[in-house]
Amino acid sequence: MRKILLLCITIIIITALMNSNVYSKNITLPTSVTNEGTPIKGGILKVGIVKDEPFQGVFLAELYENRYDAAIMSYASNAIFEMDGDFLINDEGIASMIVDQEENKVTITIREGVRWSDGEPLKIEDLILPYEIIAHPDYTGVRYDTEFKNIIGVEEYHEGKAKTISGIRKIDERTLEIRFKKLSPAIFSGGDGLWTYAAPSHQLKGIPVKKLIESDAVRKNPVTLGPFKFHKIVPGESVQFVKNPYYWKGEPKLDGVFVEVVPSSSVSVAIGAGKYDIVSGFTATKWPEIQKFNNIDILGRPELYYSYLGFKLGKWDPKKREVVTDLNSTPVGDQALRQAMGYALDVEAVCEVLFFNFRQRANSLIPPAFKTYHDAMLKGYTYNPEKAKKILDKAGYIDIDGDGFREDTKGNKLEIKFATMAGDTIQDEIAAYYLQNWRDVGLNVTLTTGRPIEVNAFYDKVEADDPEIHVFMAAWGTGTNPSPAGLYGKSDAFNFSRFTSDFLEETIQKIDSPEAFDQSYRAEQFRIWQQYMEEQAPVIPLQFSYEIVPVNKRVKHYSIDFDNPTELHEIELLAKEPIKSK
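Residues numbered from 1 in each chain as written. Predicted model: local features only at pLDDT ≥ 70, side-chain atom pairs only at ≥ 80, totals over all residues. Heavy atoms only, no water.

## Quick notes on the side chain of D297
Position of D297 among the secondary structure elements: in strand β11 (residues 296–311). Within the structure, D297 has its side chain in polar contact with the side chain of K553 (distance 3.1 Å). The contacts of D297, once residues within four sequence positions are left out, are V33, N35, V549, P550, V551 and K553. (Helix = DSSP H or I, 4+ residues; strand = E, 2+ residues; numbered from the N terminus. Polar contact = N/O pair within 3.5 Å; in protein donor to acceptor, adjacent residues only side chain to side chain. Contact = heavy atoms within 4.5 Å.)

As structure tokens, then:
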């Protein structure tokens, strides 16, 4: 029965491909919209976040670990810097900075009169506290990484050898100085260990670091700097924000924002029924369902995102807080096997048929939005099952017993466990199709636990290096800093493949080195890194994504343009409730 189901999915893909000329190869959507009419006073913006499980609800920048909590927090952000359209820090935020390359230091100055959502003034101590949280010996989060250790004194503080971080110094009530072991261009994108958020020391200071993640200050009543403040949280389901009267840019025009989780299965119906003003996380697989709605405008832009296939090649050592690569401990330790598995996947068909070309096969671990650093010349792992078979034959993976599946190079049965997140039916179809792709080249790949895994449990298993996971499919939102530090370094907890090497470490360091202030040098190191990762294949990029944002016509103006995005406190509404489609 299972083989018949997989065959049917394959036929669906092939049939759709034969008729795929109805879909444009170069789909682009507007990045902004303005609707005619006189705005009402106040009102509640209704936002849907597409998610098939409850959100975790970790509302502190130093501790959260997924994009859903980040999306919710964006309405009450504690960010102290603002960035321009090139993702570089400018002087228009709560804080500005001066970079001294010769002295390897940054001087940060905060604006006068900035207050937290409870009325308390922003202090330099609020900029220092995040560093003390992340570097604390009891910190169990993922942000104490390669980049963070670049701050002088952080490692001594983390190891309990010092009571303060020697490289961080309060100059006066508005000025902070941070000294680094080295500086690179990454500093201008919030890299090199620079932390770009404040934390309310008057609320958090007395809470032990190991208890922070379960505290009311993080889960129930966070104090924030953004245009809106938390008012009511229904765990896992919704958040009601009200305007922050102390917002430093001025009083928001809205009375508040209501954000709730909406299942992917019902999001299109909800959009047509006028339940939401803005929907984030809308998947391109639902594109045909909303195309004809006349109550919305559909905006889009390339995402700072890529999905990938990751191979488990070692473990995370929690004591040393570093990656330990052990290629002999896993059935996917052979580079040739990983390469063959990449060539076996028909990512192109999935992008075209199921995502209507709003996604494209990724050739690199750097999204094309980073034009200077993305290596467009890389071919990546294009769909080539015959090449995959030849690689496997040459490496010694042969079907010895005639059951249709290849044994390993020693003649033993080879079963590869593949973990993927549960989602809508399309996601399940993609996983099934990829399993069939691998079977087509003779590889016995089966699902970990026998089915797709709920997203929170999935990441728990991946982070814990569950021995039942050999290969997994996930995605990264890169943020504004393209550097691989933080994701692929030896000291990076986010390095889920657990792959490291001397060459990899050296190359990452060169990307974020003083020499990298020479843009051509940095671009060359990025090129070397991308080529090395393609060759070694510890992680194989799958798709680049195009973000789709449905916006209800009662929103006066909204822009997602990187150069000129809408300020949240400026959003206005044209009616008391979202408009329904006719």
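## Here's the deal with the confidence of the model for the chain
Per-residue pLDDT for the chain has a mean of 93; in total, 95% of the residues score no lower than 70. Within the model, pLDDT remains below 50 along residues 1–24, and this stretch shows 23 contacts once partners closer than five positions in the same chain are excluded. (pLDDT = per-residue confidence, 0-100.)

## Some points on empty space enclosed by the protein
The tally for this structure, following the rule as stated, stands at three cavities of 30 Å³ or more. Considering the residues around the largest cavity, the lining is formed by N363, S364, L365, L378, G380, Y381, Q530, M533, E534, V539 and P541. Elements with a contribution of two residues or more to the lining of the largest cavity: α15 (519–536) and β18 (539–552). The leading source of residues in the lining of the largest cavity is α15, at three residues. Quantified by volume, the second largest cavity comes out at close to 40 Å³. In terms of lining residues, the second largest cavity is bounded by Y308, F472, W476, L487, Y488, F494, N495, F496, S497 and V539. Residue classes in the lining of the second largest cavity are distributed as eight nonpolar, two polar and no charged. (1 Å grid on protein atoms, 1.4 Å probe; cavity = no way out; pocket = protein on both sides within 12 Å on 5 of 7 lines; lining within 4 Å. Points joined across faces, edges and corners; volume = space filled by probe spheres on them. Nonpolar A, V, L, I, M, F, W, Y, C, P; charged D, E, K, R; others polar.)

## Some thoughts on the pattern of salt bridges
Charged atoms that come close allow side chains of opposite charge to pair. In the structure shown here, the tally under the stated rule is 36 salt bridges. As a salt-bridge pair, E577 and K46 come within 2.7 Å of each other at their nearest N and O atoms. Pair noted here: E577 is in the segment after β19 (557–559) and K46 is in strand β2 (residues 44–50), with a separation of 531 residues, a long-range link. When the shortest N-O distance is used, the salt bridge between E214 and R219 registers 3.4 Å. Overall, the relative accessible area of 57% leaves E214 in the exposed class. Residue R219 is classed as partly exposed on the basis of its relative accessible area of 23%. (Salt bridge = Lys/Arg side-chain N within 4 Å of Asp/Glu carboxyl O. Buried < 20%, exposed > 50% of the residue type's maximum accessible area, 1.4 Å probe, protein only.)

## Some points on the packing of aromatic side chains
One pair of aromatic rings is described through two measures. These are the centre distance and the angle between the planes. Scanning the model with the defined rule gives 27 aromatic pairs in all. Here F494 and F496 contribute two aromatic rings whose centre-to-centre distance is 5.9 Å and whose plane-to-plane angle is 85 degrees, an arrangement assigned as edge-to-face. An angle of 50 degrees between the planes, with centres 4.8 Å apart, marks the rings of F503 and Y532 as tilted. Residue F503 is found in helix α14 (residues 502–511), and its partner Y532 is found in helix α15; the two are separated by 29 residues along the sequence. Overall, F503 belongs to the partly exposed group, its relative accessible area being 39%. Three or more aromatic residues link up through ring pairs in this structure, and these residues are Y306, Y308, F458, Y459, F472, W476, F494 and F496. The lysine or arginine in question, R522, covers the ring of Y373, its NZ or CZ lying 5.2 Å from the ring centre. (Phe/Tyr/Trp six-rings, centres within 6.5 Å; stacked < 30°, edge-to-face > 60°. Lys NZ or Arg CZ within 6 Å of the ring centre and 35° of its normal.)

## Things to note about the side chain of T478
Position of T478 relative to the elements: it lies in the loop between β17 (471–477) and α14. You can call T478 buried: its relative accessible area is 18%. Beyond its immediate sequence surroundings of up to four residues, T478 is in contact with L304, Y306, P367 and F370.

## Here we look at the nonpolar core
Core analysis: the largest hydrophobic core is formed by 96 residues, its most contacted members being M341, W438 and Y488. Considering each element in turn, this core owes the most residues, seven residues, to β11. Excluding anything up to four places from it in sequence, W438 contacts L309, M341, A344, L345, F418, L443 and V445. With 78 residues, the next largest nonpolar core counts V58, Y68, L194 and F241 among its residues. (Core = buried A, V, L, I, M, F, W, Y, C linked by side-chain atoms within 4.5 Å.)

## Let's talk about unusual backbone geometry
In this structure, N104 takes a positive phi of about 55 degrees despite not being glycine. Topologically, N104 is positioned in the loop between β3 (95–100) and β4 (105–110). Since its relative accessible area comes to 18%, N104 is described here as buried. Despite not being glycine, D192 has its phi angle at roughly 65 degrees, a positive value. Tracing the backbone shows D192 in the loop between β6 (175–179) and α5 (201–204).

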